[in-house]
Amino acid sequence: MADSILDGSVAFLRPSTIECLSVQLNPQKLLRTENKSLRDWRGVYEGTNIQNSMIYEKIKHSQNPFKLLLEEWKRFEDTTIVNLLKILETMERFDVIDDNCEMIKCDMQAADKLLKEKGLSVGAVENKIAGSEKVLTYDDIAMLKTAREVARYDVLILHADEDILFAERMAQVLEQQNIKVCLKDRDLLVGTMELEAVTSLISERCNKVAVPLTPEFFNSPSNNLYSSLAQSSAIAENRRSFLPIIRKPTDLPTNIKMLTKLKWKSTSAEPNRKWKDYNNAATNESLS
């Protein structure tokens, strides 16, 4: 793992990696190391520069102390992967390092690859930006690095995992028309909590939510939830901001059956419609 990646913020760790670390570091260890270091999450806390009794008590009584510790620590400038590994070495928790090294490496490499598309790298992003509560996407980091506001999008595309290629092609075509698109798997910061981030994107950051509907889409509980949130937001704001697209024949829930939908014809090799056609699809009484 390159030093520049090791110097990146713990904010780039995926939730799944943090959960694995938590499983090993949350249980309290009675025996200390020879240098008197605690060997659980408390040892990590001692290695940070937080030193705040109120924060410590909040972490101590949390259901997931290590996860909350990272949330608090990631806003400090020394909250890097290399420093976390050094703390674990001091705690003699080489088992935690060995068990999670590959996942940490993959997380940081994935973040670095996406940041390089924005002209950045994990080592070049300050912790006060990477760990900011404002940051949901990699575009946010690029915007905040140049002292601008967080990113806003014309459309968020929600899709089934099986439709990732279709969604990526759809995003490519729209972006060629200067439409700013957000794709969850591409743009969402790897260290964010997905439910909170997508909810915020739907309610605050995206003008439209486009949903290619397939049987696979409705097999996902999270997609069902996001779809309902997008519809609720459209109703609350009295806007035609939810854009259902019939990608494959599927049994639609009642709340979507009642809506105007764009039917994606199987003969359409590419999503070539102009963005105005998607807006029209949300307002027309019927579609062919």
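Scroll up to find the structure this text is about.
Residues numbered from 1 in each chain as written. Predicted model: local features only at pLDDT ≥ 70, side-chain atom pairs only at ≥ 80, totals over all residues. Heavy atoms only, no water.

Description of the packing of aromatic side chains
So, point 1. Overall, the coordinates contain 3 aromatic pairs when judged by the stated rule.
So, point 2. Summarising the aromatic geometry, the rings of phenylalanine 217 and phenylalanine 218 are spaced 5.4 Å apart at their centres and angled 85 degrees between planes, so their arrangement reads as edge-to-face.
So, point 3. Judged by its relative accessible area of 18%, phenylalanine 218 is buried.
So, point 4. One aromatic cluster is present, built from ring pairs that chain together Trp41, Tyr45 and Tyr56. (Phe/Tyr/Trp six-rings, centres within 6.5 Å; stacked < 30°, edge-to-face > 60°. Buried < 20%, exposed > 50% of the residue type's maximum accessible area, 1.4 Å probe, protein only.)

Description of helix H6 (residues 81–90)
So, point 1. Listing the buried residues of H6 in full gives Ile81, Leu84, Leu85, Ile87 and Leu88. Buried residues of H6 fall within an arc of 160 degrees about the axis and therefore sit on the same side.
So, point 2. Two residues or fewer past H6, glutamate 92 is found with a positive phi of approximately 60 degrees. (Helix = DSSP H or I, 4+ residues; strand = E, 2+ residues; numbered from the N terminus. Arc of directions from axis to C-beta.)

A short note on the packing of helix H4 (residues 53–60) against helix H5 (residues 65–73)
So, point 1. Close contact between H4 and H5 brings their axes to 8 Å; oriented N to C, the two are set at 145 degrees. Along its contact with H4, which presents Ile55, Lys58 and Ile59, the element H5 presents Pro65, Leu68, Leu69 and Glu72.
So, point 2. Among the residues making up the contact of H4 with H5, the classes are represented as 5 nonpolar, no polar and 2 charged. (Axes fitted to C-alpha atoms, helices over the stretch in contact; angles between N-to-C directions. Contact = heavy atoms within 4.5 Å. Nonpolar A, V, L, I, M, F, W, Y, C, P; charged D, E, K, R; others polar.)

Side note on unusual backbone geometry
So, point 1. Unlike most non-glycine residues, lysine 36 shows phi in positive territory, near 75 degrees.
So, point 2. Mapped onto the fold, lysine 36 is located in the loop between helix H2 (15–25) and helix H3 (41–47).
So, point 3. For glutamate 92, which is not a glycine, the phi torsion comes out positive at approximately 60 degrees.
So, point 4. With respect to the element layout, glutamate 92 can be found in the loop between H6 and helix H7 (94–116).
So, point 5. What makes glutamate 92 partly exposed here is its relative accessible area of 37%.

Overview of the sheet that holds strand S3 (residues 206–213)
So, point 1. Across the sheet, which stays open at both edges, the 5 strands sit in the order S2-S1-S3-S4-S5 with parallel pairing between neighbours. Of all strands in the sheet, those with a lone pairing partner are strand S2 (181–183) and strand S5 (262–263), marking the two edges.
So, point 2. Pairing analysis gives 2 bridges linking strand S4 (residues 242–246) to S5, with the strands arranged parallel. Within S5, the position partnered with isoleucine 245 by the bridge is leucine 262. (Pairing = 2+ DSSP bridges.)

Side note on the pairing of S4
So, point 1. Within S4, 5 of the 5 residues are buried, leaving the element largely enclosed by the surrounding structure.
So, point 2. Side chains of S4 alternate between two faces, with Phe242, Pro244 and Ile246 and Leu243 and Ile245 buried alike.
So, point 3. Read from S3 through helix H13 (residues 221–237) to S4, the crossover connection turns out right-handed. (Right-handed = clockwise from strand over helix to strand, strands pointing away.)

Describing the pattern of salt bridges
So, point 1. Scanning the entire structure with this criterion turns up 18 salt bridges.
So, point 2. With a closest N to O distance of 2.7 Å, aspartate 107 and arginine 14 form a salt bridge. Highlighted residues: aspartate 107 in helix H7 and arginine 14 in the loop between helix H1 (3–6) and H2, separated in sequence by 93 residues.
So, point 3. A residue is classified by how much of its surface remains accessible, and aspartate 107, at 2% relative accessible area, is buried.
So, point 4. Glutamate 175 is paired through a salt bridge with arginine 186; the nearest N and O atoms lie 2.8 Å apart. One end of the pair, glutamate 175, is in helix H10 (residues 164–176); the other, arginine 186, is in helix H11 (residues 184–187), and 11 residues separate them in sequence.
So, point 5. Of the residues examined, arginine 186 reaches a relative accessible area of 27% and is grouped as partly exposed. (Salt bridge = Lys/Arg side-chain N within 4 Å of Asp/Glu carboxyl O.)

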